[in-house]
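# Results of the structural survey
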Amino acid sequence: MKQQGAVIVRVEDAALDSDILTAKFRLNEPEFKAALNAYLQQQGSHVPVHSLAEIIASGQYHKPTLEKFFATAQSYEDGPNSTDYKDRRMRMDEVRIEVANLLAKNHLDALVYPHQKCLVLPIGATFQKDRTGIVAALAGFPAIEVPAGFSTPTADAPIGVPVGMELLGTALAHEPAA
């Protein structure tokens, strides 16, 4: 990108750390039960269960991977209407403001960062931490992920694994007039 004329400015913002964002704003558990139940109920006789509670009762799922997640999701009586969920949604504007301020303060047109700070997890792992792609999701700004090469080879991945780079810009941004 630099060879094509981009000016690279290194920035850091502790408020945009993916682990902090995930802890403060993760919506998966509150949304999961309501969304899954609605989907399963629409399936009628095409599926053997019609709710998360029925899946849990059946025991027909990979417990080491899903038991904790299912229990947390099931604990939300009405996830999208819970106080916790609404608080997280309302505070998402904090991320939008933080990203906008970071861009403005540093006179940037875009942020560029690895989509994942860690490599692909093994099968059976339950949570992909260090997902920097959460920044765009929470800020609500447009972003695109593009291939950026391969990781360093390992015994499990002799040619490495594909890695991506995300480019995030502001809503309705356009190229400056020449």
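The sections below set out a description of the structure shown in this document. (Residues numbered from 1 in each chain as written. Predicted model: local features only at pLDDT ≥ 70, side-chain atom pairs only at ≥ 80, totals over all residues. Heavy atoms only, no water.)

### A closer look at the overall build of the protein chain
Tallying secondary structure elements over the protein chain gives 6 helices and 3 strands in all. Written out in order from the N terminus, the α and β elements of the protein chain read α-α-α-α-α-β-α-β-β. Taking 16 Å as the expected radius of gyration for a compact globule of 178 residues, we find that the protein chain reaches 20 Å, considerably beyond that expectation. Projected onto its principal axes, the C-alpha positions of the protein chain cover 60 × 45 × 30 Å. Put simply, the protein chain has 178 residues, and 30% of those count as buried. The contacts in the protein chain between residues at least 6 apart in sequence include a share of 58% that link residues at least 24 apart. For the protein chain, the accessible surface area stands at approximately 12,000 Å², while carbon and sulfur atoms represent 57% of it. Of the charged side chains in the protein chain, 16 are positive and 21 negative, and the gap between their average positions amounts to 2 Å. (Helix = DSSP H or I, 4+ residues; strand = E, 2+ residues; numbered from the N terminus. Rg over C-alpha atoms; globule rule 2.2 N^0.38 Å. Buried < 20%, exposed > 50% of the residue type's maximum accessible area, 1.4 Å probe, protein only. Contact = heavy atoms within 4.5 Å. Areas by Shrake-Rupley, 256 points an atom, 1.4 Å probe, with all protein chains shown as cover. Lys, Arg positive; Asp, Glu negative; His and termini not counted. Charge placed at Lys NZ, Arg CZ, Asp CG, Glu CD.)

### A short note on a nonpolar patch on the surface
Where nonpolar side chains cluster on the molecular surface, the patch consists of Met-1, Ile-8 and Val-112 and spans about 280 Å² of accessible area. Within the fold, Val-112 resides in strand β1 (residues 110-114). (Patch = residues over 30% accessible without salt bridge, like charges linked within 9 Å, V, L, I, M, F, W, Y side chains within 5 Å. Salt bridge = Lys/Arg side-chain N within 4 Å of Asp/Glu carboxyl O.)

### Digging into the layout of surface pockets
If you add up the space inside the largest pocket, you get close to 930 Å³. As for the largest pocket, its lining consists of 24 residues, of which Val-9, Val-11, Leu-111, Val-112 and Tyr-113 are closest to the centre. Counting residues per element, the lining of the largest pocket draws most heavily on β1, at 5 residues. The residue makeup of the lining of the largest pocket, split by class, is 15 nonpolar, 3 polar and 6 charged. (1 Å grid on protein atoms, 1.4 Å probe; cavity = no way out; pocket = protein on both sides within 12 Å on 5 of 7 lines; lining within 4 Å. Points joined across faces, edges and corners; volume = space filled by probe spheres on them. Nonpolar A, V, L, I, M, F, W, Y, C, P; charged D, E, K, R; others polar.)

### Details of the sheet that holds β1
Read from one edge of the open sheet, 3 strands run β1-β3-β2, paired in antiparallel fashion. A strand with exactly one partner marks an edge of an open sheet, and here the two such strands are β1 and β2 (143-150). Neighbour to neighbour, the strand axes of the sheet diverge by 25° on average, direction disregarded. With 6 bridges joining them, β2 and strand β3 (residues 162-169) adopt antiparallel strand pairing. Pairing of Val-146 across the sheet is with Met-165, part of β3. With respect to the sheet, helix α5 (residues 83-105) is in contact with β1 and β3, its orientation differing from that of β1 by roughly 110°. (Pairing = 2+ DSSP bridges. Axes fitted to C-alpha atoms, helices over the stretch in contact; angles between N-to-C directions.)

### Brief notes about the nonpolar core
Ranked by internal contacts, the top residues of the largest apolar core, which has 20 residues, are Leu-21, Val-95, Val-99, Leu-111, Leu-138 and Leu-168. Those elements that place two or more of their residues in this core are α1 (18-25), α5, β1 and α6 (134-139). Per-element accounting of this core gives the leading share, 6 residues, to α5. For Val-99, the contacting residues outside a window of four places in its chain are Leu-16, Leu-111, Val-135, Ala-139, Phe-141 and Leu-168. Listed in part, the 9 residues of the second largest apolar core include Val-49, Leu-52, Phe-69 and Phe-70. (Core = buried A, V, L, I, M, F, W, Y, C linked by side-chain atoms within 4.5 Å.)

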